[in-house]
Amino acid sequence: MINILQDRFSLYENFEVINEDILKIDLKKIIEDNKNENIKNVKIVANLPYYITTPIIMKLLEDRLEIESITVMIQKEVAERLTAIPGEKFTGSITYSINYYSEPSMVFDVPNTSFIPEPEVTSTVIKLDILKKPRIEVKDEKILFKIIKVAFMQKRKTLLNAFVNNNIFETKEEAETCFKELGLDLKVRGEKLSLQEFARISDYIS
């Protein structure tokens, strides 16, 4: 496939095939090396391998690349989680990370009949418009994402119990004090919280 592409586009000076692992290559350097008067804005467009969708998207976001947007085709069920509003239907831990770094939206569905052979799943194209700065400010990003991860490790438990069971708070009393001071329901589950509410808990812990 690489040979075919290089042959097909051999007459174009503005085309380059880079045959590398997206999870290992230094994209920041590639972007810096190619920025010039003609290339001012960088956009990522891709049909992602579905089994590593999340690691790829999170790498693109966490590396704080100088990019304008990410437009990708992924499995519909994953797309619903990525573009969900935190605290509402389809919310998962990844939902909060996506909303922290970007403004997500669904573009369109791609039925399985569009492919040969037909896969068992429906695909969806989504777009993430990258925010110039994170949606919220927190004292410690690591704590924010740690407590969000813990909240979804035990989804059937209340957020308070999930925090205590995973040593976010040493005692249940400490956790209850935090929730009361922040005006949070002691029986609330993590999937019901907004990004801003998680940020308030994170800052309280910090």
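See the structure printed just above.
No experiment lies behind these values; they were computed from the predicted model shown.

Novice: Summarise the pairing of strand E1 (residues 43–47); cite the residues concerned and give the values.
Specialist: Sheet topology places E1 next to strand E2 (residues 69–75); five bridges connect them, and they run parallel. Considered in E2, the bridge of Val45 is made with Thr71. Note on the crossover from E1 through helix H3 (residues 53–62) to E2: the handedness is right-handed.

Novice: Explain the packing of aromatic side chains to me, and be specific about the residues and the numbers.
Specialist: Evaluation of the coordinates by the stated rule reveals nine aromatic pairs. Ring plane angle 85 degrees and centroid distance 5.1 Å describe the contact between Tyr96 and Phe198, whose orientation is recorded as edge-to-face. With Tyr96 in helix H5 (residues 93–101) and Phe198 in helix H9 (residues 195–205), this residue pair connects regions lying 102 residues apart in the sequence. For the pair shown, Tyr96 and Phe198 are each scored as buried. Considering the side-chain rings of Phe163 and Phe169, the 6.0 Å spacing of their centres and the 50 degrees angle between planes classify their relative orientation as tilted. Just as Phe163 is buried, Phe169 falls in that class too.

Novice: So what's going on with the environment of Met1? Residues and values would help.
Specialist: Looking at where Met1 falls in the secondary structure, it is placed in the segment before helix H1 (2–8). Taking the C-alpha atoms as reference points, Met1 and Gly87, separated by 86 residues in sequence, lie 43 Å from one another.

Novice: Which residues make up the pattern of salt bridges, and what values do they have?
Specialist: Applying the stated criterion to the full structure yields eight salt bridges. Residues Arg64 and Glu141 are paired through a salt bridge, measuring 2.6 Å at the closest nitrogen-oxygen approach. Here the residue Arg64 occupies a position in the loop between H3 and E2, and Glu141 occupies one in helix H6 (residues 141–153), the gap between them amounting to 77 residues. For Arg64, a relative accessible area of 41% puts it in the partly exposed group. The class for Glu141 is partly exposed, based on a relative accessible area of 28%. Of the charged contacts, one joins Lys127 and Asp129 as a salt bridge, the two residues approaching to 3.5 Å between their closest N and O atoms. The class for Lys127 is partly exposed, based on a relative accessible area of 31%. By relative accessible area, Asp129 is classed as partly exposed at 30%.

Novice: Go over unusual backbone geometry with me, naming the residues and quoting the values.
Specialist: Across the junction of Ile116 and Pro117, the peptide omega takes the value -5 degrees, indicating a cis bond. The backbone of Asn167 sits at a positive phi, close to 60 degrees, despite the residue not being glycine. Turning to its location among the elements, Asn167 is positioned in the loop between helix H7 (159–165) and helix H8 (172–182).

Novice: Lay out H6 with the relevant residues and their values.
Specialist: Helix length check: H6 (13 residues) gives 19 Å between terminal C-alpha atoms against 18 Å at 1.5 Å per residue, within 8%. Buried residues of H6: Leu144, Phe145, Ile147, Ile148, Val150, Ala151 and Phe152, and no others. Buried residues belonging to H6 abut H5, H7 and H9.

Novice: So what about the sheet that holds strand E4 (residues 123–130)? Which residues, and what values?
Specialist: With mixed pairing, the four strands of this open sheet are ordered in space as E1-E2-E4-E3. Only two strands of the sheet have a single neighbouring strand rather than two, namely E1 and strand E3 (102–110). Direction aside, neighbouring strands of the sheet carry axes that sit 20 degrees apart on average. Sheet topology places E3 next to E4; eight bridges connect them, and they run antiparallel. Directly across from Phe108, in E4, lies its bridge partner Val125. Each of E1, E2 and E4 is contacted by H3, which is oriented at about 170 degrees to E2, the strand it contacts most. Seen against the sheet, H5 touches E3 and E4 and runs at an angle of roughly 115 degrees to E3.

About the thresholds
Residues numbered from 1 in each chain as written. Predicted model: local features only at pLDDT ≥ 70, side-chain atom pairs only at ≥ 80, totals over all residues. Heavy atoms only, no water. Pairing = 2+ DSSP bridges. Helix = DSSP H or I, 4+ residues; strand = E, 2+ residues; numbered from the N terminus. Right-handed = clockwise from strand over helix to strand, strands pointing away. Phe/Tyr/Trp six-rings, centres within 6.5 Å; stacked < 30°, edge-to-face > 60°. Buried < 20%, exposed > 50% of the residue type's maximum accessible area, 1.4 Å probe, protein only. Salt bridge = Lys/Arg side-chain N within 4 Å of Asp/Glu carboxyl O. Expected span 1.5 Å × (residues − 1). Contact = heavy atoms within 4.5 Å. Axes fitted to C-alpha atoms, helices over the stretch in contact; angles between N-to-C directions.

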